[in-house]
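# Coordinate analysis (summary)
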Amino acid sequence: MSSLRILLLGSGGRESALARKISQSPRCAALWIAPGNAGTDAYGTTVPSLSPMKFDAVEAFVAENAIDMIVVGNEDPLVAGIYDYFANKGVMVVGPSRDAAALEGSKDFAKAFMQRHNIPTAAYQTFTADTYVQACDFLKTLQAPYVLKADGLAAGKGVLILPDYDEACTALRTMLDGQFGASSAKVVIEEFLSGIECSVFVLTDGNGGYRILPVAKDYKRVGEGDTGLNTGGMGAVSPVPFADEAFMQKVEQRIIIPTIEGLKAEGLVYRGFIFLGLINCAGEPKVIEYNVRMGDPETEVVMPRLASDLVDLLEGCAKGDLANIPAEHDPRAAATVIATSGGYPGSYAKGLPITGDLAPEHSIVFHAGTSRNADGQVVTSGGRVLAVTSYGRDLADALANSYASLANIHFDKMYFRRDIGRDVMK
Ligand code: AMP
Ligand code: GLY
């Protein structure tokens, strides 16, 4: 089998974990990460000047470096149509077409898709400024709390959960009046579901072939005990004890297969990762959201638990023969804890020197929001700075390893949650 020259787009902890896994493959001849971070040089060549959203610049880079495959880490280039841009240009792109990426780019599209294919999800309706009165009437038919979702991409901030009816109507008005720009010109109002969430990742090849990756759970709130503001994610664990075989059977039969078949039946070209944000409602899985990429920080535990060769799997996606390629799971547990900049997800300082042991024996330190200053020192450059991942016999053991490694890493105002995984280990 031939080896591939690969360009990975993105710069977070997710891309660090994908880069490490790709670089471990004997099939990887060369790897570039654009724009990357201060840690991605460990896995390939970092290209800080290349922006994933400038498709013409990406095209020139692909030509200059004879790239065979582009792997897209985050949703923006996918929703903007990078798959379609490179169609028939002699380079494989792992990801959905622009039309299929609307599963993440438009909540209304995703909900209607689920309804068409009988995929379990919360009841909903979609409204615009012209139907505000009807929206308030619809809210009356639901029980508190009320879930309002901006239709379009809103950097993870477009979902509001309001405790009472009047607040929900006020918040809806603000959203429709442009709180999230064009993204909230349409708002999805849906039934509140209660239960515990998990993230299921599937690779699909657009031909009906699919592979289920290890299940993970992330911790979105900034504070311990799931309190405070939402963040991109403060930590993750895999496996997820409640996502047992019986639960995963339901996920596969009721959600994964109808999703894959639905995409095919509607002619939506999709050759990449599907992220199912699920909620366990008394043993019944329902879809909270689709994303068209891997999760961050889930990738930092999912990739370490993928025992099979990722490049083989990605090529299977792109070429449409995933059904012939194994995706074995590592039996060990994995946990990741995110070291964040104090103040995140609000404002925080950047450029703070990171010191201590960034290559500990019992953990993998994935860089996320890091860069190098003029002296070449590694400094903070984002809210989520490092993802410290460890293996263990079980989750408790994996978490103990990550916390021990974090004790030897320092930057001013570093903050991390000390209770990652605790809710699922009870
Ligand atoms: P989303 O961006 O759709 O994943 O929503 C962000 C978060 O809001 C989810 O991870 C859930 O915690 C919560 N959420 C979204 N939809 C619902 C719902 N229908 N019921 C309860 N919680 C929800
Ligand atoms: N960790 C959730 C996400 O990546 O959207």
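Since the structure is predicted, the reported quantities are computational estimates derived from the model, not experimental observations.

## Notes on the overall build of the protein chain
Looking only at helices and strands, the protein chain features 13 helices and 26 strands. Taken over the C-alpha trace, the protein chain has a radius of gyration of 21 Å; the compact-globule value for 426 residues is 22 Å, and the two agree within 12%. With respect to the principal axes defined by its C-alpha atoms, the protein chain has extents near 60 × 50 × 45 Å. As presented, the protein chain carries roughly 17000 Å² of accessible surface, and 50% of it is formed by carbon and sulfur atoms.

## Some details on the site of ligand 2
In the vicinity of ligand 2, the contacting residues are Asp 218, Gly 232, Phe 275, Asn 291, Arg 293, Gly 295, Asp 296, Pro 297 and Glu 298. At 3.0 Å, a side-chain N or O of Arg 293 approaches an oxygen atom of ligand 2. Here an oxygen atom of ligand 2 sits 2.9 Å away from a polar atom, N or O, in the main chain of Asp 296. By residue class, the composition of the shell around ligand 2 is two nonpolar, three polar and four charged.

## Section: the side chain of Glu 190
Secondary-structure assignment places Glu 190 in strand β9 (residues 186–190). On the basis of relative accessible area, Glu 190 is assigned to the buried category, the value being 3%. There is a polar contact of 2.8 Å between the side chain of Glu 190 and the side chain of Lys 111. Apart from the residues within four sequence positions on either side, Glu 190 is in contact with Lys 111, Ala 122, Ala 123, Tyr 124, Leu 142, Val 147 and Lys 149.

## Some words on a nonpolar patch on the surface
There is a patch of nonpolar side chains on the surface, built from Val 159, Ile 161 and Phe 192 and spanning about 240 Å² of accessible area. By the element assignment, Val 159 lies in strand β8 (residues 159–162).

## Thoughts on the site of ligand 1
The environment of ligand 1 is formed by 14 residues, the closest being Glu 190, Glu 191, Leu 193, Glu 197 and Glu 289. One of the side-chain nitrogen or oxygen atoms of Lys 107 is found 3.1 Å away from an oxygen atom of ligand 1. Within the side chain of Glu 190, an N or O atom sits 2.7 Å from a nitrogen atom of ligand 1. The protein chains hide 87% of the 470 Å² of surface that ligand 1 would expose on its own. Those elements that provide at least two residues to the shell around ligand 1 are β7 (146–150), β8 and β18 (284–291). Among the residues making up the shell around ligand 1, the classes are represented as seven nonpolar, no polar and seven charged.

## Here we look at the sheet that holds strand β17 (residues 273–281)
The four strands lie next to each other as β11-β10-β17-β18, forming an open sheet whose pairing is antiparallel. Looking along the sheet, the strands with just one partner apiece sit at the ends: β11 (210–212) and β18. Averaged over all adjacent pairs, the angle separating strand axes in this sheet is 35°, with direction ignored. Of the pairings in the sheet, the one linking strand β10 (residues 196–204) to β17 comprises eight bridges and is antiparallel in character. By the bridge assignment, Ile 196 is partnered in β17 with Asn 280. Along the sheet, helix α11 (residues 310–319) makes contact with β10, β11 and β17, crossing β10 at roughly 70°.

## Focus: unusual backbone geometry
The omega angle of the peptide bond from Asp 296 to Pro 297 is 25°, so this bond is cis rather than trans. Locating Pro 297 in the fold gives a position in the loop between β18 and α10 (299–302). That bond from Tyr 344 to Pro 345 is cis: its omega, 10°, falls within 30 degrees of zero. The phi torsion at Asn 118 lies on the positive side, around 55°, for a residue other than glycine. Inspection of the secondary structure puts Asn 118 in the loop between α6 (107–116) and β6 (124–128). Its identity as a non-glycine residue notwithstanding, Lys 413 has a phi of 65°, on the positive side.

Cut-offs and rules
Residues numbered from 1 in each chain as written. Chains lettered and ligands numbered in written order. Predicted model: local features only at pLDDT ≥ 70, side-chain atom pairs only at ≥ 80, totals over all residues. Heavy atoms only, no water. Helix = DSSP H or I, 4+ residues; strand = E, 2+ residues; numbered from the N terminus. Rg over C-alpha atoms; globule rule 2.2 N^0.38 Å. Areas by Shrake-Rupley, 256 points an atom, 1.4 Å probe, with all protein chains shown as cover. Near = heavy atom within 4 Å. Polar contact = N/O pair within 3.5 Å; in protein donor to acceptor, adjacent residues only side chain to side chain. Nonpolar A, V, L, I, M, F, W, Y, C, P; charged D, E, K, R; others polar. Buried < 20%, exposed > 50% of the residue type's maximum accessible area, 1.4 Å probe, protein only. Contact = heavy atoms within 4.5 Å. Patch = residues over 30% accessible without salt bridge, like charges linked within 9 Å, V, L, I, M, F, W, Y side chains within 5 Å. Salt bridge = Lys/Arg side-chain N within 4 Å of Asp/Glu carboxyl O. Pairing = 2+ DSSP bridges. Axes fitted to C-alpha atoms, helices over the stretch in contact; angles between N-to-C directions.

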